[in-house]
Structure formats: structure tokens, C-alpha cells
Amino acid sequence: MDFPEVVFGNQCSLQDAISFIEKLMLDDKEMAQRIASLSKGLNETYQDLEPYFAEYTESICKECDHPCCVNRHGFPDFEDLIVLAAMGHHIPSFDFSAQDISPCQFLGKEGCTLKRCYRSYRCTWYFCDEVFDRFEARDRAAYKRFESLMTSLCHKRQEIIRLFEKSWRKNLWE
Ligand code: SF4
Ligand code: SF4
């Protein structure tokens, strides 16, 4: 998809993207309603996933000596902003002076301080191989259920983005 790029750490770029998304959702009420309905399912899948993260991944990440969490990973892209708007979430307040590869400003002693559905999507789908390998080795059946829920999350998210994109393209051409 060729949505506009949201430039890392640039407040104007972020605000422009948010304003554009909010305006389109206000203008295209049919699209906004369909997206709102899909976002309920997305939220449920986030909730269904949470026990797996809590039980199988967070314990490994908490022990990590070199967490992969850096500021640029926590910064939302355009698609993240669409999904946050669809779910009725405001984006977390971001320190725009933060360096891109410094430890993420949302990283606390006990891991990420943001609720998962407020994070950029990469923060949900990305784990290093060690996490996946240890998770699978510990409980293969749970790992399979986790994979299936992650696939469902991805599909629901893509459907929201697809609906938004359809309206966006129509507005570009009108
Ligand atoms: S995903 Fe891997 S590298 Fe990233 S914090 Fe967890 S254990 Fe560390
Ligand atoms: S998971 Fe949280 S702490 Fe890690 S990069 Fe994402 S927002 Fe930052």
C-alpha cells in the first residue's frame, strides 16, 4: 500500500496523518461504521492473545540483556494510525526529541508500559527467533493456538486497512 510515510519523530508529519485519517472517517460514515464493527473483533482477538503473551513471551523478554525495543519501533506508521483511529484509541504521547535507536521511551522495568493494542503493530508481531523457539519448545499446542490467533489478528487488521484504503483512493480521485 502506498499510504503517506509518517516521518519518525516529526510532530507535524504525525499530526497531519492523524488529521487526514480522522477527517476521512468523519466524511465517509459508511466506511467508518464498517470499520468500527471490525475493530470490535480485532479488540477481542487482542484480548484472546494476551494470556499467551503473558505466559510465554514476556517472561523471556523481561530477562533479555539487549531488548530490541528502540524508539523507532515504537513510533506508529500510517497503517497503525488507521487502526488506532478505528479502535477509538488516541496515540500515546510521544517525545519527539527521542533518538531513533535509543531504548524505547515506553520501555519500563517490567517491559512495555503501553497496552498492546496501543502499540505499533510491529511491536505485536515481532519476536526474535529465541522467543518463538522457546515458546514452541515449551508448549507446542499453545504455540499453534497463538499462531492461529496472530493470523486472525493480521487478517482483521488488514480488512480495516483495506476498507480505509478503498475510501482513501476514491477521495483521491474525486
Ligand atoms: S524479542 Fe528477543 S531481542 Fe526482543 S526483547 Fe524479546 S528476547 Fe529480547
Ligand atoms: S513494545 Fe513497547 S517498549 Fe517495545 S518498542 Fe514497542 S512500544 Fe516500545
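Quick caveat: nothing in here was measured; it's all calculated off a predicted structure.

1. Details of the overall build of the protein chain
Moving on, step 1. Along its length, the protein chain carries seven helices and two strands.
Moving on, step 2. Element order for the protein chain, N to C, with α for helix and β for strand: α-α-α-α-β-β-α-α-α.
Moving on, step 3. A compact globule built from 174 residues should have a C-alpha radius of gyration of about 16 Å, and the protein chain, at 17 Å, falls within 12% of that.
Moving on, step 4. Overall size of the protein chain, expressed as C-alpha extent along the three principal axes, is 55 × 40 × 25 Å.
Moving on, step 5. A total of 174 residues make up the protein chain; the buried ones form 21% of that total.
Moving on, step 6. Counting contacts in the protein chain only where the partners sit at least 6 residues apart, residues at least 24 apart contribute 84% of the total.

2. Digging into the packing of helix α2 (residues 29–62) against helix α6 (residues 129–138)
Moving on, step 1. Across the interface, α2 lies against α6 with an axial gap of 10 Å and an inter-helix angle of 135°. Between α2 and α6, the angle is such that the two are oblique. In terms of crossing hand, the pair formed by α2 and α6 is right-handed. Where α2 approaches α6, its residues Tyr56, Thr57, Ile60 and Cys61 are matched on the opposing element by Val131, Arg134, Phe135 and Arg138.
Moving on, step 2. For the contact of α2 with α6, the per-class residue count stands at five nonpolar, one polar and two charged.

3. Section: the site of ligand 2
Moving on, step 1. Taken together, the residues surrounding ligand 2 are Cys69, His73, Gly74, Cys104, Phe106, Leu107, Cys112, Leu114, Arg119 and Cys123.
Moving on, step 2. In terms of residue class, the shell around ligand 2 is built from seven nonpolar, two polar and one charged.

4. A word on the nonpolar core
Nonpolar side chains in soluble globular proteins generally cluster together in the buried interior.
Moving on, step 1. With 20 residues, the main nonpolar core has Ala17, Leu81, Ile82, Ala85, Ala86, Ile160 and Phe164 as its most contacted residues.
Moving on, step 2. With seven residues, the top contributor of residues to this core is helix α4 (residues 78–86).

5. Structural notes on the site of ligand 1
Moving on, step 1. The local shell around ligand 1 consists of Ile60, Cys61, Cys64, Pro67, Cys68, Phe127, Cys128, Glu130 and Val131.
Moving on, step 2. Elements with a minimum of two residues in the shell around ligand 1: α2 and α6.
Moving on, step 3. Of the residues assigned to the shell around ligand 1, the class counts are eight nonpolar, no polar and one charged.

6. Re the environment of aspartate 28
Moving on, step 1. With respect to the helices and strands, the residue aspartate 28 is situated in the loop between α1 (11–27) and α2.
Moving on, step 2. Here aspartate 28 falls in the partly exposed class, since 19 other C-beta atoms lie within 10 Å of it.
Moving on, step 3. Here the alpha-carbon distance between aspartate 28 and phenylalanine 164, two residues 136 residues apart in the chain, equals 9.4 Å.

7. Describing the environment of arginine 162
Moving on, step 1. Looking at the secondary structure, you find arginine 162 in helix α7 (residues 140–173).
Moving on, step 2. Separated by 127 residues in sequence, arginine 162 and isoleucine 35 place their C-alpha atoms 9.7 Å apart.

Procedures and definitions
Starting afresh in each chain, residues are numbered from 1 along the sequence in its written order. Numbering of ligands from 1 and lettering of chains from A proceed in the order in which they are written. In keeping with the model being predicted, local features are shown solely for residues with a pLDDT of at least 70 and side-chain atom pairs are shown and tallied solely at 80 or more, while totals for entire chains, interfaces and linings include all residues. Strands here mean DSSP runs of E at least two residues long; helices mean DSSP runs of H or I at least four residues long; both are numbered from the N terminus. As a reference, a globule follows 2.2 Å times the number of residues to the power 0.38, and the radius of gyration itself is taken over C-alpha atoms. For every residue, the other C-beta atoms within 10 Å of its own C-beta are counted; 20 or more classify it as buried, 12 or fewer as exposed, and values in between as partly exposed. C-beta atoms are placed from the backbone. Placing a C-beta atom from the backbone of each residue, one calls two residues in contact when those atoms lie within 7 Å. Comment: axis = line fitted to C-alpha atoms, over the contacting stretch for helices; angle = value between 0 and 180 degrees taken between N-to-C directions. When an angle is under 35 degrees it counts as roughly parallel; over 145 it counts as roughly antiparallel; between 65 and 115 it counts as roughly perpendicular; any other value is oblique. Left-handed is the label given to a crossing in which the near helix is rotated counterclockwise from the far helix by less than a right angle, and right-handed is the label when the rotation is clockwise. Residues are grouped as follows: Ala, Val, Leu, Ile, Met, Phe, Trp, Tyr, Cys and Pro are nonpolar; Asp, Glu, Lys and Arg are charged; all remaining types, including Gly, are polar. To decide whether a residue is near a molecule or strand, its C-beta atom is placed from the backbone and checked for lying within 6 Å of it. In these notes, a nonpolar core means any group of buried Ala, Val, Leu, Ile, Met, Phe, Trp, Tyr and Cys residues linked to one another through C-beta atoms within 7 Å.

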